[in-house]
Amino acid sequence: MRRPKPSTAPTPVVAVPDAVASAPGKKPTSADKPARGKKPATSKVQGKKPTGGQPLASGVNTQAKDGLHPRSRHHGQYDFARLIADSPALARFVITTKYGNPSIDFANPAAVKALNQALLRTHYGISDWDIPVGYLCPPIPGRADYLHHLADLLAEVNDGKIPRGPKISVLDVGVGASAIYPLIGHREYGWHFVGTDCDADALASAQRIIKANQGLGTAITLRRQRSPQTLFAGVVQTDEHFDISVCNPPFHASAAEAAAGSTRKWHHLGKHAAARGGTPVLNFGGKDGELWCEGGEVGFITRMIGESRQTPGLCLWFTSLVSKESSVPMIVRALQAAHVRERRVIDLSHGQKRSRIVAWTFLDERQRRDWRGVRWQ
Ligand code: SAH
């Protein structure tokens with residue numbers, strides 16, 4: 001196995017064109033489940049069904065009462081007064097729930113986008129964020145939680161102290177049009193991100209966001225993956241290293257399954273296509289490449305595990321979100337077959353939504369300490 005080498009400034013293997021197809025004023029067509037009525041936000045944006053259950057392997061037990069990570073900026077109800085003070089455009093979407101609390105209609109994509117824009121501005125200093133029509137509108141609290149758990153994982157090899165700053169390099173596989181993980185991860189921890197995607201329009205959108213907000217140009221690098229079946233080859237260099245990888249894989253195994261998922265989600269929100277003038281429910285669920293891939297999330301993550309085995313020193317920790325609990329045993333089997341040194345399944349629960357992060361490393365404890373010594377000092 002390769003020993004960790006000193007960090008080298010990553011150079012894009014495949015550069016993203018500078019010209020950006022911006023999509024001003026366009027609406028996303030997916031929405032979050034009611035986040036702040038009485039119930040906390042859930043993460044049903046991606047047609048990913050909430051599933052119950054406990055992690056198979058021991059995880060880090062760092063959840064607050066509402067299920068969110070203790071460092072989350074989103075505990076309790078959204079502070080609409082504060083959000084609107086920073087982002088007045090949110091005001092017209094605010095409704096009062098039957099419990100008498102301010103909220104928004106989570107079935108209205110324009111409202112969800114306005115909430116996201118407000119949250120990103122107030123909590124993460126991102127003042128200009130937008131995504132093209134049809135792309136997923138990511139629920140902010142859940143995405144932030146994933147990053148807090150990654151920080152905990154890195155802190156384990158750093159005497160409990162979260163390593164911060166641009167020397168920490170994160171690989172985001174499938175950065176998406178929203179660039180959500182790099183935005184939050186950089187603003188929370190100062191980390192440097194390389195975001196990959198095979199969707200050129202998604203990358204163009206992410207690039208527009210990076211350009212529109214000060215200080216992101218050096219913090220986030222985007223790279224185009226030309227082969228949808230490949231996760232690392234073609235976008236990382238042979239001698240390149242990342243401290244951790246992050247990924248929210250396409251969940252479904254086919255377009256038809258994705259459509260059924262969107263329909264279910266729509267019904268969960270108490271809406272019917274007819275009620276919105278026959279709006280196709282598919283529009284609600286995001287772009288094809290965001291929703292499905294060959295083999296669904298198990299296929300995607302299994303391919304990632306296989307590739308990571310070929311490049312075990314690429315990342316100190318490899319990670320991915322796993323939406324469905326029933327996917328976990330198959331993923332664990334793939335990790336066993338790949339002879340990973342250690343694996344974790346970290347439970348993420350928020351309201352009724354449960355998902356989990358699977359994390360694995362090929363490095364033993366000594367190699368992890370060496371990694372820190374070489375890269376983080
Ligand atoms: N990270 C974003 C988007 C997730 S959707 C979020 O959490 O909201 C999944 C993304 O993975 C899509 O943008 C899709 O285009 C991308 N994708 C699919 N296959 C990929 C591959 N082989 N390499 C990189 N990205 C891929």
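Residues numbered from 1 in each chain as written. Predicted model: local features only at pLDDT ≥ 70, side-chain atom pairs only at ≥ 80, totals over all residues.

### Considering the overall build of the protein
Thinking step 1. Looking only at helices and strands, the protein features 10 helices and 9 strands.
Thinking step 2. Looking at the protein as a whole, 52% of its 377 residues are labelled buried.
Thinking step 3. Taking all contacts inside the protein whose residues are at least 6 apart in sequence as the whole, residues at least 24 apart take part in 75%. (Helix = DSSP H or I, 4+ residues; strand = E, 2+ residues; numbered from the N terminus. Buried ≥ 20, exposed ≤ 12 C-beta atoms within 10 Å, placed from the backbone. Contact = placed C-beta atoms within 7 Å.)

### Some thoughts on the confidence of the model for the protein
Thinking step 1. Taken over all residues, the pLDDT of the protein has a mean of 82, while the share at 70 or more is 77%.
Thinking step 2. In this model residues 1-61 is a low-confidence stretch, pLDDT under 50, and it forms 187 contacts with partners more than four residues away in sequence or in other chains.
Thinking step 3. Low pLDDT, under 50, characterises residues 272-284; the stretch is placed with 17 contacts to residues that sit more than four places away or in other chains. (pLDDT = per-residue confidence, 0-100.)

### With respect to helix α4 (residues 180-189)
An α-helical segment advances 3.6 residues per turn. Residues three or four places apart therefore align on the same side.
Thinking step 1. For α4, the buried fraction is high: 8 of the 10 residues fall into the buried class.
Thinking step 2. Those residues of α4 hidden inside the fold are in contact with α2 (109-124), α3 (140-156), β3 (169-173), β4 (192-197), β5 (220-224) and β6 (242-247).
Thinking step 3. Positive backbone phi, approximately 75°, marks Gly190, located one or two places after α4.

### A word on the site of the ligand
Thinking step 1. Taken together, 24 residues surround the ligand, and among them Pro138, Gly174, Gly176, Asn248 and Gly289 come closest.
Thinking step 2. Looking at the shell around the ligand, the elements that each hand over two or more residues are α4, β4 and α7 (288-291).
Thinking step 3. Counted by class, the shell around the ligand contains 12 nonpolar, 8 polar and 4 charged residues. (Near = placed C-beta within 6 Å. Nonpolar A, V, L, I, M, F, W, Y, C, P; charged D, E, K, R; others polar.)

### So, the packing of α3 against α4
Thinking step 1. Where α3 contacts α4, the axes come no closer than 9 Å and their chain directions differ by 55°. By the angle between their axes, α3 is oblique relative to α4. Where α3 crosses over α4, the two elements pack in a sense that is right-handed. Touching Arg143, Ala144, Leu147 and Ala151 of α3 are Ile180, Tyr181, Ile184, Gly185, Glu188 and Tyr189, all from α4. (Axes fitted to C-alpha atoms, helices over the stretch in contact; angles between N-to-C directions. Parallel < 35°, antiparallel > 145°, perpendicular 65-115°, else oblique. Left-handed = near helix turned anticlockwise from the far one by under 90°.)

### A few points about the sheet that holds β3
Thinking step 1. Strand order across the open sheet formed by 7 strands is β5-β4-β3-β6-β7-β9-β8, with mixed pairing between neighbours. Because the sheet does not close on itself, it has two edges, and the strands there are β5 and β8 (342-350). Direction aside, neighbouring strands of the sheet carry axes that sit 20° apart on average.
Thinking step 2. Bridging between strand β7 (residues 315-322) and strand β9 (residues 353-361) involves 5 bridges; their strand directions are antiparallel. Residue pairing across strands places Thr319 opposite Ala359, the latter belonging to β9. (Pairing = 2+ DSSP bridges.)

### Some details on the pairing of β4
Thinking step 1. Across the 6 residues that make up β4, a large majority, 6, are buried.
Thinking step 2. Of the two faces of β4, the one lined by His192, Val194 and Thr196 and the one lined by Phe193, Gly195 and Asp197 are each fully buried.
Thinking step 3. The pairing of β3 with β4 spans 5 bridges and is parallel. Across the sheet, Val170 pairs through a bridge with Phe193, a residue of β4.

### With respect to α2
Thinking step 1. Spanning 16 residues, α2 covers 21 Å between terminal C-alpha atoms, matching the ideal 22 Å at 1.5 Å per step.
Thinking step 2. In terms of burial, α2 is a largely internal element, 12 of the 16 residues being buried.
Thinking step 3. For α2, the full list of buried residues reads Pro109, Ala111, Val112, Lys113, Ala114, Leu115, Asn116, Gln117, Ala118, Leu119, Leu120 and His123.
Thinking step 4. Positive backbone phi, at 65°, marks Gly125, one or two positions downstream of α2. (Expected span 1.5 Å × (residues − 1).)

### Points about the pairing of β8
Thinking step 1. Judged from the 9 bridges that link them, β8 and β9 form a sheet pairing that is antiparallel. Of the residues in β9, the one forming a bridge with Ser349 is Arg354.
Thinking step 2. Where β8 folds back onto β9 in an antiparallel hairpin, the turn is made up of 2 residues, including Gly351, whose phi is positive at roughly 60°.

### Some remarks on unusual backbone geometry
Thinking step 1. Unusually for a residue other than glycine, Asp159 sits at a positive phi of about 55°.
Thinking step 2. Relative to the assigned elements, Asp159 resides in the loop between α3 and β3.
Thinking step 3. The backbone of Ala179 sits at a positive phi, close to 50°, despite the residue not being glycine.
Thinking step 4. By the secondary structure assignment, Ala179 is in the loop between β3 and α4.

### Focus: the packing of helix α8 (residues 296-310) against helix α9 (residues 328-337)
Thinking step 1. Between α8 and α9, whose axes approach to 10 Å, the crossing angle comes to 15°. With respect to α9, the element α8 is oriented roughly parallel. You can see that α8 and α9 cross each other, and the crossing is right-handed. Contact with α8, carried on its side by Val298, Ile301, Thr302 and Ile305, involves Met330, Ile331, Ala334 and Leu335 of α9 and no other residues of that element.

### Regarding the nonpolar core
Thinking step 1. Counting residues in each nonpolar core, the largest one holds 91 residues, and the members touching the most others are Ala206 and Ile244.
Thinking step 2. The greatest single-element share of this core, amounting to 8 residues, is contributed by α3.
Thinking step 3. Excluding its chain neighbours within four sequence positions, the residues that come into contact with Ile244 are Leu150, Leu153, Leu154, Val170, Cys315, Leu316, Trp317 and Thr319. (Core = buried A, V, L, I, M, F, W, Y, C linked by C-beta atoms within 7 Å.)

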